[in-house]
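Structural features, examined
Take a look at the letters that make up each chain.
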Amino acid sequence: NLPPIVEAGDNQTVNEGGVVSFNGSFTDPGKLDTHTILWDFGDGTKASGTLNPTHLYGDNGEYTVTLTVRDDDRGVGKDTLIVTVKNLPPIVEAEPDKTVATGEVVNFSGSFTDAGWLDSHTAKWNFGDGSSVESGVVTEENLPPLATGTVSGSHSYSNKGSYTVSLTVTDDDGGIGTATTVVTVKENLPPIVDAGVDMKVNEGEDVSFNGSFTDDPKDSHTILWEFGDGSTASGALNPTYTYGDNGEYIVTLTVTDIG
């Protein structure tokens, strides 16, 4: 018996996550022999039964691929080829541009994909005002054919202006992906408040107040009435109150925006 003569094919270069198509062949002078076929892709995975498999590599590197053909008389033929897999950087997406007020806490989120699904990743936010923060990947899922992840962060701006916020994701092979968001920061003006008109009432009589204010509709607010006799009420612009003694009372309505 003579073993099969095996040809694994030419060396190949691909990007990680790219489909590699193999094209092996063999000859055997034992025309009546039967054969088993085994591919070892060099990354711990194998395939059998075909001379033309395809394979995906989840990380960059140089892989020695071995094609083994065995005949039914235990004759074994082997050949190898080299697959060089190049690293690809993460593809990063950031949020749309946004407008906020000074002092407001701004929440950011971003996402990324990576064709090297066996890569690990780190992330960094640069907020455009001289401050930055390293941020671990909030969630990362490493399943073929892609690694996917999301990243979050938060920041507040002291001064009005336009700031370019960048999210940079780096894989463990040094591949870098970046996306940006433009944040326009406007000065946070205080609410304009109207407590209503002066009133005259009898002691023991219910007094109905009717306050109002104007402010940025995106803001939320707290409301506080001080009735001038040590009593207060909160949460409503139209409270009622009863004074237990005659006198002149200065009533104050305070509205505070909270971003």
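The structure presented is a predicted model; accordingly, all values stated were derived computationally and were not measured.

**Brief notes about the sheet that holds strand β11 (residues 98–101)**
Strand order across the open sheet formed by five strands is β11-β18-β17-β13-β14, with mixed pairing between neighbours. Each having just a single partner strand, β11 and β14 (132–135) make up the two edges of the open sheet. For this sheet, the mean angle separating the axes of adjacent strands, direction not counted, is 25°. Summarising the sheet, strand β13 (residues 121–126) and strand β17 (residues 161–171) pair through six bridges and their orientation is antiparallel. For H121, the partnering residue across the bridge sits in β17 and is D171.

**Structural notes on the sheet that holds strand β23 (residues 232–234)**
Pairing within the open sheet is antiparallel, and its three strands lie in the order β23-β22-β25. Here the strands that pair on one side only, and so sit at the sheet edges, are β23 and β25 (252–257). Shown here is a sheet whose adjacent strand axes are inclined to one another by a mean of 20°, direction ignored. One ladder, built from six bridges, connects strand β22 (residues 221–226) with β25; its direction is antiparallel. Each bridged residue has a counterpart across the sheet, and for H221 the counterpart in β25 is D257.

**Some remarks on the pairing of strand β15 (residues 139–143)**
Along any regular strand the residues' side chains alternate between the sheet's two faces. Direction of pairing for β15 relative to strand β16 (residues 146–156): antiparallel, over a ladder of five bridges. Note on β16: the bridge partner recorded for N142 is A147. The antiparallel pairing of β15 with β16 creates a hairpin that spans two residues between the two strands.

Cut-offs and rules
- Residues numbered from 1 in each chain as written.
- Predicted model: local features only at pLDDT ≥ 70, side-chain atom pairs only at ≥ 80, totals over all residues.
- Heavy atoms only, no water.
- Pairing = 2+ DSSP bridges.
- Helix = DSSP H or I, 4+ residues; strand = E, 2+ residues; numbered from the N terminus.
- Axes fitted to C-alpha atoms, helices over the stretch in contact; angles between N-to-C directions.

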